[in-house]
Amino acid sequence: YNLSFYKKIDYGYNMRFNVFIGVTHHCILLGWGLWNWGYRPHIKKAVWVIVGTSLALLLELGDFPPYYGILDAHALWHAATVPLTVLWWSFIVDDCVFEYNRFKRKVV
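Per chain, residues are indexed from 1 in the order of the written sequence. Local features in this predicted model are restricted to residues whose pLDDT is 70 or higher, and side-chain atom pairs enter the listing and the counts only when it is 80 or higher, whereas totals over whole chains, interfaces and linings include all residues. The side-chain numbers reported here are obtained from all heavy atoms of the structure, hydrogens and water having been left aside.

Asks: Explain a nonpolar patch on the surface residue by residue, including any values.
Replies: Where nonpolar side chains cluster on the molecular surface, the patch consists of Tyr 13, Phe 17, Phe 20 and Ile 21 and spans about 440 Å² of accessible area. Every helix listed is a DSSP run of H or I at least four residues long, and every strand listed is a run of E at least two residues long, numbered separately from the N terminus. Counting through the fold element by element, Tyr 13 comes out in helix H1 (residues 11–35). Residues enter a patch when their relative accessible area is above 30% and they make no salt bridge; the linking distance is 9 Å between like charges and 5 Å between nonpolar side chains (Val, Leu, Ile, Met, Phe, Trp, Tyr). The accessible surface values rely on the Shrake-Rupley method and a 1.4 Å probe; as for residues, cover is taken only from the protein chains in view. By convention in these notes, a salt bridge is any Lys or Arg side-chain nitrogen within 4 Å of a carboxyl oxygen on Asp or Glu.

Asks: Before we move on, can you summarise unusual backbone geometry with the specific residues and values?
Replies: Positive phi, close to 55°, is recorded for Tyr 68, a residue that is not glycine. Relative to the assigned elements, Tyr 68 resides in the loop between helix H2 (43–61) and helix H3 (73–107). Type-normalised accessible area, obtained with a 1.4 Å probe on protein chains alone, sets the label of each residue: buried when under 20%, exposed when over 50%, and partly exposed for intermediate values. With a relative accessible area of 83%, Tyr 68 lands in the exposed category.

Asks: Can you break down the pattern of salt bridges residue by residue, with the values?
Replies: Counted under the stated rule, the structure contains four salt bridges. Here Glu 99 and Arg 40 are joined by a salt bridge, their closest N and O atoms 2.7 Å apart. Of the two residues, Glu 99 sits in helix H3 while Arg 40 sits in the loop between H1 and H2, which places them 59 residues apart along the sequence. The exposure class of Glu 99 is partly exposed, given its relative accessible area of 25%. Taking the shortest distance from any N to any O, the salt bridge between Glu 99 and Arg 102 comes out at 2.9 Å. Taken together, the positions of Glu 99 and Arg 102, both in helix H3 and three residues apart, correspond to about one turn of that helix. Overlapping salt bridges, with partners in common, bring together Arg 40, Asp 95, Glu 99 and Arg 102 in one network.

Asks: Describe in detail H2, supporting the description with residues and values.
Replies: Given 3.6 residues per helical turn, the α-helix brings residues three or four places apart onto the same face. A helix's residues, less one, multiplied by 1.5 Å, set its expected span. Taking 1.5 Å of rise per residue, 19 residues should cover 27 Å, and H2 covers 27 Å from first to last C-alpha, within 8% of that figure. Pairs of residues are marked as contacts when any of their non-hydrogen atoms sit within 4.5 Å. Buried-residue contacts for H2 involve H1 and H3.

Asks: So what's going on with the side chain of Glu 60? Residues and values would help.
Replies: Inspection of the secondary structure assignment puts Glu 60 in helix H2. Although Glu 60 is buried, it forms no salt bridge, and the closest oppositely charged side chain is Arg 16 at an N-O distance of 14 Å. When neighbours within four sequence positions are excluded, Glu 60 is seen to be in contact with Met 15, His 74 and Trp 77. Positive charges come from Lys and Arg, negative ones from Asp and Glu, while His and the chain ends are left out of the count.

Asks: I'd like a description of the packing of aromatic side chains, backed by residues and values.
Replies: Each aromatic ring pair is characterised by the separation of its centres together with the angle its planes make. Here a Phe, Tyr or Trp ring, Trp counted by its six-membered ring, pairs with any other such ring whose centre lies within 6.5 Å, and the pair is stacked when the planes are under 30 degrees apart, edge-to-face when over 60, and tilted otherwise. With the rule as written, the count across this model stands at five aromatic pairs. Summarising the aromatic geometry, the rings of Trp 32 and Phe 91 are spaced 6.3 Å apart at their centres and angled 80° between planes, so their arrangement reads as edge-to-face. Remark: Phe 91 occurs in helix H3 and Trp 32 occurs in helix H1; sequence separation between them is 59 residues. Overall, the relative accessible area of 32% leaves Trp 32 in the partly exposed class. With a centroid separation of 5.1 Å and an interplanar angle of 35°, the aromatic rings of Trp 88 and Phe 91 are classed as tilted. You can see Trp 88 and its partner Phe 91 sitting in helix H3, three residues apart, about one turn around the helix. Since its relative accessible area comes to 29%, Trp 88 is described here as partly exposed. Classification of Phe 91 as buried rests on a relative accessible area of 5%. Members of the aromatic cluster, connected to one another through ring pairs, are Trp 32, Trp 88 and Phe 91. Definition used: whenever NZ (Lys) or CZ (Arg) falls within 6 Å of the ring centre and also within 35 degrees of the ring normal, the charge is taken to sit over that ring. Over the ring of Trp 37 we find Lys 44; its NZ or CZ atom is 4.8 Å from the centre of that ring.

What follows is the structure, given as structure tokens:
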């Protein structure tokens, strides 16, 4: 069941709260990325994902009516996040390999 079936949810409050959480998360992750900039060679991927999702957020917030009845801001937001997901996955794999190799050097 949808939550709005039981109680009306304030969409404006929900949007402001989610944007606040997202911006806070981006600031923390960007700070971590800049802190590790020279230490982790693959950190640039994470920073590009942060910048990309921040720019994609503008599509979500600046909602506009659909072009030709099919292509609106929300659809473009979804399209923009697809390559960012691939880049984020690449960063995660590189970071795991980096941490694994760092751990191996400590143990041996």
